[in-house]
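# Working through the structure, step by step
In case you want the letters, here they are:
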Amino acid sequence: MRVTTTKSKNAESFYITHSYTKNNGTTTSRIYKKLGTLAELSKLLNTDRDGVMLWAREQARIETEKYKNERDCKTVLIPFHADRPLDYGKEVFHEGGYLFLQSIYYQLRLDRICRKIRDRNSFEYDINAILSDLVYTRILEPSSKRSSYKAAKKFLEAPSYELHDVYRALSVLADNCDLIQSEVYKNSNFILKRNDNILYYDCTNYYFEIGQECGDRKYGKGKEHRPNPIIQMGLFIDGDGIPLAFSLFPGNQNEQTSLKPLEQKVLQDFGHQKFIYCSDAGLASEGNRVFNHMGERAFIVTQSIKTLKKEEKEWALNQSGFRRVSDNKPVDIENLSDEDKNGLFYKEEPYTTAKLHQRLIVTYSPKYAAYQKSIREAQVERASRMVDSGKFKKERRNPNDPARFVGKMAVTSEGEKASIRYYLDEDKIEEEARYDGRYAVCTDLLDDPVGDILKVSEGRWQIEECFRIMKADFTARPVFASLEEHIKAHFLTCFLALLIYRILESKLEGKYTCEEILSKLKDINFVDIQEQGFMPLYARDKLTDTLHEICGFRTDYEFIPKSKMKKIQKESKGR
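Residues numbered from 1 in each chain as written. Predicted model: local features only at pLDDT ≥ 70, side-chain atom pairs only at ≥ 80, totals over all residues. Heavy atoms only, no water.

### Overview of the overall build of the protein
Condition: Segments assigned H or I by DSSP are reported as helices when at least four residues long, segments assigned E as strands when at least two residues long, and all are numbered from the N terminus. Pairs of residues are marked as contacts when any of their non-hydrogen atoms sit within 4.5 Å. Using a 1.4 Å probe, accessible areas were evaluated by the Shrake-Rupley method; residue-level cover was limited to the displayed protein chains.
Counting secondary structure elements, the protein contains 19 helices and 18 strands. Principal-axis analysis of the C-alpha atoms places the extent of the protein at approximately 125 × 60 × 55 Å. Sequence-distant contacts in the protein: of pairs separated by 6 or more residues, those separated by 24 or more amount to 62%. Just so you have it, the protein exposes about 30,300 Å², and 47% of that area is on carbon and sulfur atoms.

### Looking at the environment of Val-135
Secondary-structure assignment places Val-135 in helix α5 (residues 127-140). Sequence separation of Val-135 and Phe-480 is 345 residues, and the distance between their C-alpha atoms is 17 Å.

### Brief notes about the sheet that holds strand β18 (residues 560-561)
Consider a sheet: its strands pair through backbone hydrogen bonds, and that pairing is either parallel or antiparallel. As a reminder of what qualifies: Strand pairing follows a simple DSSP-based rule, namely that at least 2 bridges must link the two strands.
Spatial ordering of the open sheet is given by β4-β16-β17-β18, a layout of 4 strands whose pairing is antiparallel. Of all strands in the sheet, those with a lone pairing partner are β4 (93-95) and β18, marking the two edges. The pairing of strand β17 (residues 533-536) with β18 spans 2 bridges and is antiparallel. For Gly-533, the partnering residue across the bridge sits in β18 and is Pro-561.

### A word on the side chain of Asp-133
Rule in force here: Buried, partly exposed and exposed residues are distinguished by accessible area as a fraction of the type maximum, computed with a 1.4 Å probe on protein chains only: under 20%, between the cut-offs, and over 50%, respectively. Charge counting treats Lys and Arg as positive and Asp and Glu as negative, with His and both chain ends excluded. Basic side-chain nitrogens of Lys or Arg form a salt bridge, by our definition, when they fall within 4 Å of a carboxyl oxygen of Asp or Glu.
Structurally, the position occupied by Asp-133 is in helix α5. An unpaired buried charge is present at Asp-133: no salt bridge exists, and Lys-573, the closest side chain of opposite charge, is 8.8 Å distant. Each residue touching Asp-133, except ones within four places of it in the same chain, is listed here: Ala-152, Phe-155, Pro-159 and Tyr-161.

### What to know about the packing of aromatic side chains
We count it as follows: Working definition: rings of Phe, Tyr and Trp (its six-membered ring) pair if their centres are within 6.5 Å, and the pair is stacked with planes under 30 degrees apart, edge-to-face with planes over 60 apart, and tilted otherwise. In this scheme, Lys NZ or Arg CZ marks a charge over a ring once it lies within 6 Å of the ring centre and within 35 degrees of the ring normal.
Under the criterion given, the structure shown has 16 aromatic pairs. Ring centres 5.8 Å apart and planes at 35° place the aromatic pair Tyr-98 and Tyr-136 in the tilted group. In this pair, Tyr-98 is assigned in helix α3 (residues 98-107) and Tyr-136 in helix α5, connecting sequence segments 38 residues apart. In terms of burial, Tyr-98 and Tyr-136 fall into one category: buried. An aromatic cluster of at least three residues, connected via ring pairs, comprises Tyr-98, Tyr-105, Tyr-106, Tyr-136 and Phe-155. When the ring centre of Phe-190 is taken as reference, the NZ or CZ atom of Arg-109 above it lies at 4.4 Å. The ring of Trp-315 is capped by Lys-347, whose NZ or CZ atom sits 4.9 Å from the centre of that ring.

### Brief notes about the state of the cysteines
Condition: When the sulfur atoms of two cysteines come within 2.5 Å, that pair is taken as a disulfide.
Per the stated rule, a full pass over the model turns up 0 disulfides. No disulfide involves Cys-494; its nearest neighbouring cysteine sulfur is the one of Cys-177, lying 11 Å away. Left without a disulfide partner, Cys-514 is nearest to the cysteine sulfur of Cys-466, which lies 10 Å away. On the basis of relative accessibility, which here comes to 8%, the residue Cys-514 falls in the buried class.

### Focus: the pairing of strand β7 (residues 243-250)
With 7 of its 8 residues buried, β7 lies for the most part within the structure. With 7 bridges joining them, strand β6 (residues 230-238) and β7 adopt antiparallel strand pairing. Bridging from a neighbouring strand, Ile-231 pairs with Pro-250 of β7. In this structure, the hairpin formed by β6 and β7 is closed by a connection of 4 residues, where Gly-241 is found at a positive phi of approximately 85°.

### What to know about the pairing of strand β11 (residues 345-352)
Examined bridge by bridge, strand β10 (residues 323-324) and β11 share 2 bridges and lie antiparallel to one another. Bridging from a neighbouring strand, Arg-324 pairs with Phe-345 of β11. Between β11 and strand β12 (residues 357-364), which pair antiparallel one after the other, the connecting turn spans 4 residues.

### So, the packing of α3 against helix α16 (residues 484-507)
Counted only if it meets this: Angular values range over 0 to 180 degrees, each being the angle between N-to-C directions of two axes fitted as lines to C-alpha atoms, with helices fitted over their stretch in contact. Roughly parallel covers angles under 35 degrees, roughly antiparallel covers those over 145, roughly perpendicular covers 65 to 115, and oblique covers all other angles. Under the scheme applied, nonpolar residues are Ala, Val, Leu, Ile, Met, Phe, Trp, Tyr, Cys and Pro; charged residues are Asp, Glu, Lys and Arg; polar residues are all the others, including Gly.
Viewed as axis vectors pointing N to C, α3 and α16 meet at an angle of 105°, and their least axial separation amounts to 10 Å. When the axis of α3 is compared with that of α16, the two are roughly perpendicular. Residue-level inspection shows Leu-101, Ile-104, Tyr-105 and Gln-107 of α3 in contact with α16, the latter providing Ile-500, Ile-503, Leu-504 and Lys-507. Of the residues that constitute the contact of α3 with α16, the class distribution is 6 nonpolar, 1 polar and 1 charged.

### Structural notes on the pattern of salt bridges
Applying the stated criterion across every chain yields a total of 32 salt bridges. A salt bridge links Arg-118 to Asp-119, with the shortest nitrogen-to-oxygen separation between them at 3.5 Å. By relative accessible area, Arg-118 is classed as partly exposed at 40%. As a salt-bridge pair, Arg-385 and Glu-381 come within 3.4 Å of each other at their nearest N and O atoms. Of this pair, Arg-385 and Glu-381 both sit in helix α12 (residues 366-389), 4 residues apart, which is roughly one turn of that helix. A single network of salt bridges, built from pairs that share partners, joins Arg-540, Asp-545, Arg-554 and Asp-556.

### A closer look at the sheet that holds strand β3 (residues 27-37)
Sheet architecture is open: 3 strands sit in the order β1-β2-β3, paired in antiparallel fashion. On the outer flanks of this sheet lie β1 (2-7) and β3, each paired with one strand and no other. Shown here is a sheet whose adjacent strand axes are inclined to one another by a mean of 35°, direction ignored. Sheet analysis places β1 next to strand β2 (residues 12-21), joined by 6 bridges and oriented antiparallel. Along β2, the bridge assignment pairs Thr-6 with Ser-13.

### Considering a nonpolar patch on the surface
We count it as follows: Residues forming no salt bridge and having over 30% relative accessible area are the ones grouped into patches, like charges within 9 Å of each other and nonpolar side chains (Val, Leu, Ile, Met, Phe, Trp, Tyr) within 5 Å.
On the surface, Tyr-368, Tyr-371 and Ile-375 cluster together into a nonpolar patch covering about 300 Å² of accessible area. With respect to the element layout, Tyr-368 can be found in helix α12.

### Let's talk about the packing of α5 against α16
The line we're drawing: Handedness of a crossing follows from how the near helix is turned relative to the far one, being left-handed for an anticlockwise turn of less than a right angle and right-handed for a clockwise one.
As a packed pair, α5 and α16 sit with axes 9 Å apart at the nearest point and diverge in direction by 70°. It follows that α5 is roughly perpendicular to α16 by the angle criterion. Considering the relative orientation of α5 and α16, their crossing is right-handed. Taken together, the residues of α16 that come into contact with α5 (itself represented by Leu-131, Leu-134, Val-135, Arg-138 and Ile-139) are His-490, Thr-493, Cys-494, Leu-496, Ala-497 and Ile-500. Of the residues assigned to the contact of α5 with α16, the class counts are 8 nonpolar, 2 polar and 1 charged.

Below, the structure written as structure tokens:
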């Protein structure tokens with residue numbers, strides 16, 4: 001603290017001024033306290049100007065000691081002035097939820113991976129800062145690359161790069177996509193124990209807001225049934241739902257052929273040789289099963305009962321031969337007790353194809369059968385109304401369309417041509433009812449307990465959840481990137497965002513929903529108080545306490561001095 005004076009036409013005023021360092025490292029000062037004018041103080045102290053100056057310097061010393069004591073006892077007093085306008089263009093609001101994502105990012109050693117990429121290339125921008133900001137904004141405020149750059153400016157640590165650097169970095173990230181995936185997989189083992197003895201695989205697609213095909217963006221069967229070109233993604237996750245690897249392939253390509261290239265990358269680049277491959281029936285072709293029957297690998301895949309040969313299908317639909325999964329005792333599923341109506345039952349037999357000796361397991365769930373029956377009854381009722389009104393879609397677009405129960409007849413019983421008549425197809429309804437509650441699994445694990453095999457198969461819901469998070473919460477589509485390398489980099493950042501989020505979710509031990517976690521991270525914001533420090537603007541609760549515990553730092557103080565916030569930022573980077 002020091003004494004300063006200002007002179008006007010009519011008076012000289014005395015102030016105590018406080019010097020401090022701003023966020024950008026420059027030094028400035030502010031008026032800490034106004035002491036009064038020379039005339040007022042001379043009259044009050046009964047002295048001349050020299051005496052007033054001596055008194056003012058003593059007051060500055062006292063205020064300095066007081067300020068130091070208050071800071072040492074962690075009490076902060078900051079004066080506000082009701083007649084002082086805000087500085088033009090000054091931002092005081094900052095987002096801080098990214099700090100918890102940053103903790104996982106640096107534990108995955110992505111900064112070191114970026115350093116390795118930088119050493120192999122020649123560029124001046126900070127690729128680690130760009131990648132980390134793209135990942136954080138994909139989780140907290142998903143948008144275009146331009147909007148992500150603007151969103152990152154609100155972080156406690158603003159970008160040190162320019163927007164054009166982001167677009168240049170995308171090409172570099174795309175070129176090193178495989179390296180980044182393999183390295184983060186290896187590094188993730190230092191954070192948590194990966195359940196990579198089981199690998200789930202599935203595919204999804206993402207549409208583009210363009211009117212014609214270009215590159216890998218091809219017309220295909222999209223999940224949203226949009227008339228836009230799509231690109232497809234294949235994704236491996238481990239048994240706990242943590243992403244492992246991904247690949248991209250053209251929208252018009254058969255997804256069955258996408259497995260082998262990505263799995264070979266897992267085998268070679270990741271050095272992971274022993275696991276059980278698990279997928280749905282759509283990715284369980286004989287070729288994919290044979291590929292996962294090699295080496296130390298095995299497979300557990302769902303099997304469509306409708307596509308089985310006649311003999312196996314009749315066996316699967318037969319009501320006899322079932323046992324309880326819980327105790328392996330025989331049970332008559334046509335005469336179940338009240339207790340058994342909530343149970344699960346199975347039967348199995350050897351299933352040999354041209355290239356494999358397998359085990360076919362068929363399960364029956366009374367609860368699932370009742371659910372399917374209730375859904376179908378509602379659809380039959382709608383189909384009946386269609387027949388009565390004559391209004392329904394002529395072409396069925398999905399297998400759950402009620403129109404599948406509507407039959408069409410254009411001849412008489414004698415075979416003569418007649419006007420078209422629509423009717424409710426009772427045979428179709430009865431045939432579909434035979435499959436209620438049935439579920440089939442094929443595996444080459446010939447000796448493992450049925451319960452263990454079914455438990456692995458039931459875990460496939462996790463990969464569907466991963467796709468839902470990327471599409472709904474991270475807004476991974478529609479994709480607005482146009483260059484092939486930019487598209488690849490876009491999905492790389494989506495993959496890394498999903499990986500970081502799922503690791504954080506795992507550390508929270510499943511106690512909170514995705515909506516709760518993301519909402520809380522977005523709420524963790526701060527306001528800059530007079531360049532002295534930051535005040536949290538979020539409500540402390542059990543979730544924030546847990547986030548702080550697992551990340552090793554705390555931001556839930558009434559006031560955080562600038563020096564303390566810098567320390568928190570370093571701690572979030574493991575430094």
